[in-house]
Amino acid sequence: MSEQPLPREIRCVLVPVGNLRLLLPNATVAEVITLPTPEPLDDAPDWVLGRIAWRGWRVPLISFTKLAGAQEADSELSVRVAVLKALGGNPKLPFIAVVTQGFPRLTTLNAELIIPTHDGTPLPAGVKAEVLVRDDVAVIPDLEGIEAALTEMFALAS
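Residues numbered from 1 in each chain as written. Predicted model: local features only at pLDDT ≥ 70, side-chain atom pairs only at ≥ 80, totals over all residues. Heavy atoms only, no water.

1. Some thoughts on the overall build of the chain
Inclusion rule: The secondary structure listing takes helices from DSSP runs of H or I that are at least 4 residues long and strands from runs of E that are at least 2 residues long, numbered from the N terminus. Radius of gyration means the value over C-alpha atoms here, while the globule rule gives 2.2 Å times the residue count to the 0.38 power. Each residue is placed in one exposure class: buried if its accessible area under a 1.4 Å probe, protein chains only, is under 20% of its type's maximum, exposed if it is over 50%, and partly exposed if it falls in between. Contact definition: two residues touch when any of their heavy atoms are within 4.5 Å. Accessible surface area values rest on a Shrake-Rupley calculation with a 1.4 Å probe, where residue burial reflects the displayed protein chains alone. Positive charge is attributed to Lys and Arg, negative charge to Asp and Glu, and no charge count is given to His or to the chain ends. Working definition for charges: the position is that of NZ of Lys, CZ of Arg, CG of Asp or CD of Glu.
Per the secondary structure count, the chain includes 2 helices and 11 strands. Going residue by residue from the N terminus, the α and β elements of the chain occur as β-β-β-β-β-α-β-β-β-β-β-β-α. Expected size for 158 residues packed as a compact globule is a radius of gyration near 15 Å; at 16 Å, the chain falls within 12% of this value. On the principal axes, the C-alpha backbone points of the chain span a range of 50 × 45 × 30 Å. For the chain, buried positions account for 38% of its 158 residues. For the chain, contacts bridging at least 24 residues in sequence account for 57% of all contacts bridging at least 6. Carbon and sulfur atoms provide 55% of the accessible area of the chain, an area that totals close to 9,400 Å². Between the averaged position of the 13 positive side-chain charges in the chain and that of its 19 negative side-chain charges there is a distance of 8 Å.

2. Examining the sheet that holds strand β7 (residues 95-101)
For clarity, the cut-off: A pair of strands is treated as paired once DSSP finds two or more bridges between them. To define axes, lines are fitted to C-alpha atoms, for helices over the stretch in contact only, and angles between the resulting N-to-C directions are given on a 0 to 180 degree scale.
Strand order in the open sheet formed by 5 strands is β3-β6-β7-β5-β4, and the pairing between neighbours is mixed. Where the open sheet ends on each side, the last strands, each with one partner, are β3 (29-34) and β4 (48-54). Shown here is a sheet whose adjacent strand axes are inclined to one another by a mean of 30°, direction ignored. As judged from the 7 bridges shared by strand β6 (residues 79-85) and β7, these two strands associate in the antiparallel manner. Considered in β7, the bridge of Leu84 is made with Ile96.

3. Digging into the pairing of β6
Where burial is concerned, most of β6 is hidden: 5 out of the 7 residues are buried. Here β3 runs beside β6; their pairing, made up of 5 bridges, is antiparallel. In the strand pairing of β6, Thr34 is matched with Arg80.

4. Comments concerning the nonpolar core
Rules: Here, nonpolar core means buried Ala, Val, Leu, Ile, Met, Phe, Trp, Tyr and Cys residues that are tied together by side-chain atoms lying within 4.5 Å of each other.
The biggest cluster of nonpolar side chains holds 25 residues, and the ones touching the most others in it are Phe64, Ile146 and Leu150. Among the elements of the structure, β1 (10-17), β2 (20-25), α1 (64-68), β6, β7 and α2 (143-157) are those that each provide at least two residues to this core. It is α2 that contributes the most residues to this core, 5 residues altogether. With near-sequence residues (within four places) excluded, Phe64 lies in contact with Val17, Leu20, Leu22, Val98, Gly126, Val127, Val139, Pro141 and Ile146. Core analysis: the second largest hydrophobic core is formed by 10 residues, Trp54, Val59, Leu61 and Val83 among them.

5. So, the pairing of strand β11 (residues 136-141)
As judged from the 6 bridges shared by strand β10 (residues 127-133) and β11, these two strands associate in the antiparallel manner. Paired with Leu132 across the bridge in β11 is Val137. Counting the residues in the hairpin turn of β10 and β11 gives 2 residues, including Arg134, whose phi is positive at 55°.

Take a look at the structure:
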């Protein structure tokens, strides 16, 4: 069985969160919605804002800026939620929601357009890589790590 070649280009989104831009494959974003009132969770870390109801699911809502210790955005900006498809295959956690400011911006990228910018210092929590995409500084979130932390938190709570 031969391996499929990697695509030359991939459709991505730059999702504004605080003073950061998350770089994600477009297929990861299920929907962008207005911010509903989250259901609080007892004993959750400060970056877990609660759970929101979305299409019959109770989806954990996270603040990536609190997780990564980044600056919050201007409170005047329109606050939304990006519902992301979880990657771990956990049937109890198929989606994760992230607070955003504004709408994600679609872009098509290839390997030449993504330049690593990490200087070797430890990366903030929740960050897999720091990159330059054209003229935008962006972070690639550690979705697997975030999902694992949420799964462990929910397992301890039950």
